[in-house]
Amino acid sequence: MLDPLQATLRVGASGLEAQSRRLRVIAENMANAHSTGRTPGADPYARRVITFESQLDEAANANIVRVVSIEQPRTTFRVEHMPGHPAADANGYVRLPNVDLVVEAADMREANRSYEANLQAIRQAREMITMTLDLLRTT
Amino acid sequence: MIDPITPSATAVRSPATAGGVDLTTVRTGLVAGSAETGVDFSTMLTQLSSRAAGVVRNAESVSIAGIQGTATVQQVVEAVMAAEHTLQGAIAIRDKVVAAYLELSRMQI
């Protein structure tokens, strides 16, 4: 695909896909913000972080974005004193997920803005293609 | 696909002629285009329309995959938009060609 405007559409679509997968990971983190283990001392849900990288798309001859990995960063779990909980250890402490809802909300807002920016790029390329084709129609 | 229009179009687009159309570039482009014309007009149109049909067919299959849930919304929109642009381009070119033929038929003999 040699047309740079068509390539813009392809790049924008890859951005949309990347950001929607990011939103999925954020939603998983938020939904599992209180998911503990079931046995004493078991690990709770670990927060996941998505990473992206640039990749040359051969067909479009442009750098698209793709998801590299969805990793679990090594941060400590929160600990709360809840005796009687199935996951409580011998001293009555339960390990809770390392999910901070404020961080997730900020991340979600960023994913939303990035999605909007990619949509705008697609919209712009589409408008430019249509404008150019209109040259054939009106003259 | 060899069509005589493309060389002149690239000549118009080339950065050396930013201030206006450089006539020498256009002329050499046209000469080069006519020298290597081996494909007739109807073959070119057939190739163009078969490619357009392929893009539209792809958009259809991706749309169906989207309804079935195997393709993402973004993929469906991308494929349908590609089909839309191809169709618009094909229609615009067809209108131009038909207008040219009509113009010929109106010629005084």
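Calculation criteria
- Every chain is numbered on its own, with residues counted from 1 as its sequence reads.
- Ligands are numbered from 1 and chains lettered from A, in the order in which they are written.
- In keeping with the model being predicted, local features are shown solely for residues with a pLDDT of at least 70 and side-chain atom pairs are shown and tallied solely at 80 or more, while totals for entire chains, interfaces and linings include all residues.
- By convention in this description, side-chain values take in all heavy atoms of the structure and omit both hydrogens and water.
- To qualify as a helix, a DSSP run of H or I must reach at least 4 residues; to qualify as a strand, a run of E must reach at least 2; elements of each kind are numbered from the N terminus.
- C-alpha atoms define the radius of gyration in this analysis, and the globule rule sets the expected value at 2.2 Å times the number of residues to the power 0.38.
- Relative accessibility under 20% of the residue-type maximum defines a buried residue, over 50% an exposed one, and the middle range a partly exposed one, all with a 1.4 Å probe and only protein chains included.
- What makes two residues a contact is simply this: any of their non-hydrogen atoms within 4.5 Å.
- In this tally Asp and Glu are treated as negative and Lys and Arg as positive; neither His nor the chain ends contributes.
- By convention, the point assigned to a charge is CZ for Arg, NZ for Lys, CD for Glu and CG for Asp.
- Reported accessibility uses the Shrake-Rupley method at a 1.4 Å probe radius. Residues are deemed covered only where the shown protein chains occlude them.
- Computed with a 1.4 Å rolling probe, the buried area is the accessible surface lost when two parts are put together, summed over both parts.
- Whenever Lys or Arg places a side-chain nitrogen within 4 Å of a carboxyl oxygen from Asp or Glu, that contact is recorded as a salt bridge.
- Pairs of N or O atoms are called polar contacts if they sit within 3.5 Å, as long as, within protein, a hydrogen donor faces a hydrogen acceptor (for residues adjacent in sequence, only side-chain-to-side-chain pairs).
- The nonpolar class holds Ala, Val, Leu, Ile, Met, Phe, Trp, Tyr, Cys and Pro. Asp, Glu, Lys and Arg form the charged class, and all remaining residues, Gly among them, are polar.
- Residues enter patches when their relative accessible area tops 30% and they take part in no salt bridge; the joining distance is 9 Å for like charges and 5 Å for the nonpolar side chains Val, Leu, Ile, Met, Phe, Trp and Tyr.

Caption draft 1: Region of interest: the overall build of chain A. Scanning chain A for helices and strands turns up two helices and four strands. Ordered by position from N to C terminus, the α and β elements of chain A give α-β-β-β-β-α. The globule rule puts the C-alpha radius of gyration for 139 residues at 14 Å, and the 22 Å found for chain A is more than 25% above it. Taken along the three principal axes of its C-alpha coordinates, chain A extends 80 × 25 × 20 Å. With 139 residues in all, chain A has 30% of them scored as buried. Residue pairs at least 24 apart in sequence account for 61% of intrachain contacts in chain A once pairs closer than 6 positions are excluded. Considering chain A, the positive charge centre built from 16 side chains and the negative charge centre built from 17 side chains are found 3 Å apart.

Caption draft 2: Focus on the overall build of chain B. In terms of regular secondary structure, chain B is built from four helices and zero strands. The buried share among the 109 residues of chain B stands at 22%. For chain B, contacts bridging at least 24 residues in sequence account for 49% of all contacts bridging at least 6. Here chain B has roughly 7,500 Å² of accessible surface; of this, 66% comes from carbon and sulfur atoms.

Caption draft 3: Structural view of the interface of chain B and chain A. Facing the ten residues of chain B at the interface are 16 residues of chain A. Taken over both partners, the interface formed by chain B and chain A buries close to 1,200 Å², and the fraction arising from carbon and sulfur atoms is 59%. Run the count over chain B and chain A and you get two salt bridges. We note a salt bridge from R126 of chain A to E84 of chain B, for which the minimum N-O separation is 3.2 Å. At the junction of chain B and chain A, the tally comes to three residue pairs in polar contact (both at pLDDT 80 or more). Residues of the side of chain B that touches chain A, tallied by class, amount to three nonpolar, four polar and three charged.

Caption draft 4: Representation of a nonpolar patch on the surface. All names here are of chain B. On the surface, a cluster of nonpolar side chains totalling about 450 Å² of accessible area is made up of F41, Y101, L104 and M107. Looking at the secondary structure, you find M107 in the segment after α4 (73–105). Taking the relative accessible area as the measure of exposure, M107 reaches 53% and is therefore exposed.

Caption draft 5: How the structure looks around the side chain of N118 of chain A. Residue position: N118 of chain A is located in helix α2 (residues 101–138). Residue contacts for N118 of chain A: discarding those within four places in its chain leaves G12, G15, L16 and Q19 of chain A.

Caption draft 6: Expanded view of unusual backbone geometry. All names here are of chain A. Even without glycine at this site, N61 takes up a positive phi of about 55°. Along the chain, N61 turns up in the loop between β1 (49–57) and β2 (62–71). Given a relative accessible area of 56%, N61 falls into the exposed group.

Caption draft 7: The environment of I70 of chain A, seen in detail. Within the fold, I70 of chain A resides in strand β2. Not counting residues within four places of it along the chain, the set of residues in contact with I70 of chain A comprises R24, V25, R48, V49 and I50 of chain A.

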